[in-house]
Amino acid sequence: MSSGNISIIGKPNVGKSTLFNMLIKKHLAGATSKPQTTRHKIDAVLNEDDTSYLFVDTPGLNFNIKKDFNKILNRNALSTLIEADVILHVVNYFKIDKDDIKVIENISATDLPKILVLNKVDLDNKRKNLPKILSQIPIEITDVYNEIIPISAKNSSNIINLKKLIKSYLPKNNKNIYQDILSHNSNEFFVAEYIREACIKHLSVELPYSLHVEINKLDKEKDIVSIASTVYLKKKSHLSIVVGKNGSMLVKISKMARINSENFFKKKVYLKIFVKYDPKWKNTDSILNSYS
Ligand SMILES: Nc1nc2c(ncn2[C@@H]2O[C@H](COP(=O)(O)OP(=O)(O)OP(=O)(O)O)[C@@H](O)[C@H]2O)c(=O)[nH]1
Ligand SMILES: [Mg+2]
């Protein structure tokens, strides 16, 4: 029996959450085209054959902007390394730049096994450029890793081989400590994430970064899960945008979040979303760290 904790880290927007969802075969983490989609660590267990994997998705590491917000996201991400048995560092296959190097600087000192995951290889037509790209990664970078593997998280290419690689570095003969759990995150956490993901997908670029979701009530009944939630907005002018003409935007957001919640609970979901103005949330550590 092998089991262990696998931390998925990297700069924003490289596909960490897409990979996490693909590895655990469920849509648990919000994944969108916009950076900084993930704010909290999210974990989930995959029991397969004789292996128990605890995968941990993390916020994108961003060391360039000296904002408290980024510092909290970085702290949420790097704190996962304390419990990790294996580190997956995800990058865009076609470009390892200074932001990835900053991530490397933060992991190079640990003795943990490290796998460099070159993601998005589907963008390389017939993988023509891959050999050249692999040969051009400087030795100072390749030396940091135990393994380097090209994958596509989007179309699941090479995911089975990635899992085999991970397994080879997990502690053996561990008691299967994850057998009875799906995740350490709560049901409320996942519903709040589905609502935030729907907001990020449907609203224009800037707005989703200044909103925060709270679950006020979540009642699991026999045939239905009944949920009341509030979306807090930093600017009053955002209220009409999130609600939309005759409530049309809120209907779209609710529908997407409800469908994902129904797949999560495997039950019908009644989801009520309130929208409120609250200018203070973004500066508050406790709110950013809530549910984490
Ligand atoms: N073409 C292609 N796109 C991908 C792949 N993996 C992820 N993407 C896209 O990359 C974008 C970012 O994906 P996410 O999974 O949200 O990235 P992330 O690293 O979790 O981002 P943050 O949470 O902001 O740090 C989305 O538009 C994904 O669809 C891939 O293998 N191929
Ligand atoms: Mg993410």
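Just so you know, these numbers come straight off a predicted model, no measurement behind them.

Next up on the list: the environment of Phe94. For Phe94, the location among the structural elements is in the loop between strand E4 (86-92) and helix H3 (98-107). Exposure remark for Phe94: the 14 C-beta atoms within 10 Å place this residue in the partly exposed category. Once the C-alpha coordinates of Phe94 and Asn106 are considered, the two residues, twelve residues apart in sequence, prove to be 22 Å apart. When sequence neighbours within four positions are dropped, the list of residues in contact with Phe94 reads Leu123, Asp124 and Ile133.

A separate point is the site of ligand 1. Near ligand 1, the surroundings consist of 24 residues, among which Gly15, Ser17, Thr38, Gly60 and Lys154 are the closest. For the shell around ligand 1, the leading source of residues is helix H1 (residues 16-24), giving three residues. Each residue belonging to the shell around ligand 1 can be placed in one class, and the counts come to seven nonpolar, 13 polar and four charged.

Formed by 62 residues in total, the largest nonpolar core has its most connected members in Ile6, Ile8, Phe55 and Ile195. A per-element tally of this core places helix H7 (residues 187-202) first, with eight residues. Ignoring sequence-local partners within four residues, the contact set of Phe55 consists of Ile6, Ile8, Phe20, Leu23, Ile24, Asp43, Ala44 and Leu46.

Turning to the environment of Ile82, a few remarks are in order. Secondary-structure assignment places Ile82 in the loop between helix H2 (68-78) and E4. The spacing of Ile82 and Thr110 is 28 residues in sequence and 9.7 Å in space, taken between C-alpha atoms.

What the six strands build is an open sheet, ordered E2-E3-E1-E4-E5-E6; its pairing is mixed. The open sheet is flanked by strand E2 (42-48) and strand E6 (147-150), the only strands paired with a single partner. Averaged over all pairs of adjacent strands, the angle between their axes in this sheet comes to 25 degrees, without regard to strand direction. With seven bridges joining them, E2 and strand E3 (residues 51-57) adopt antiparallel strand pairing. Bridge pairing in E3 places Val45 opposite Leu54.

You can read the domains of the protein chain as domain 1 (2-169) and domain 2 (187-288). Counting residues at the interface gives eleven residues for domain 1 and 14 residues for domain 2. For the side of domain 1 that touches domain 2, a count of residues per class yields three nonpolar, five polar and three charged.

Rules behind the numbers
Residues numbered from 1 in each chain as written. Chains lettered and ligands numbered in written order. Predicted model: local features only at pLDDT ≥ 70, side-chain atom pairs only at ≥ 80, totals over all residues. Helix = DSSP H or I, 4+ residues; strand = E, 2+ residues; numbered from the N terminus. Buried ≥ 20, exposed ≤ 12 C-beta atoms within 10 Å, placed from the backbone. Contact = placed C-beta atoms within 7 Å. Near = placed C-beta within 6 Å. Nonpolar A, V, L, I, M, F, W, Y, C, P; charged D, E, K, R; others polar. Core = buried A, V, L, I, M, F, W, Y, C linked by C-beta atoms within 7 Å. Pairing = 2+ DSSP bridges. Axes fitted to C-alpha atoms, helices over the stretch in contact; angles between N-to-C directions. Domains from an automatic or database assignment.

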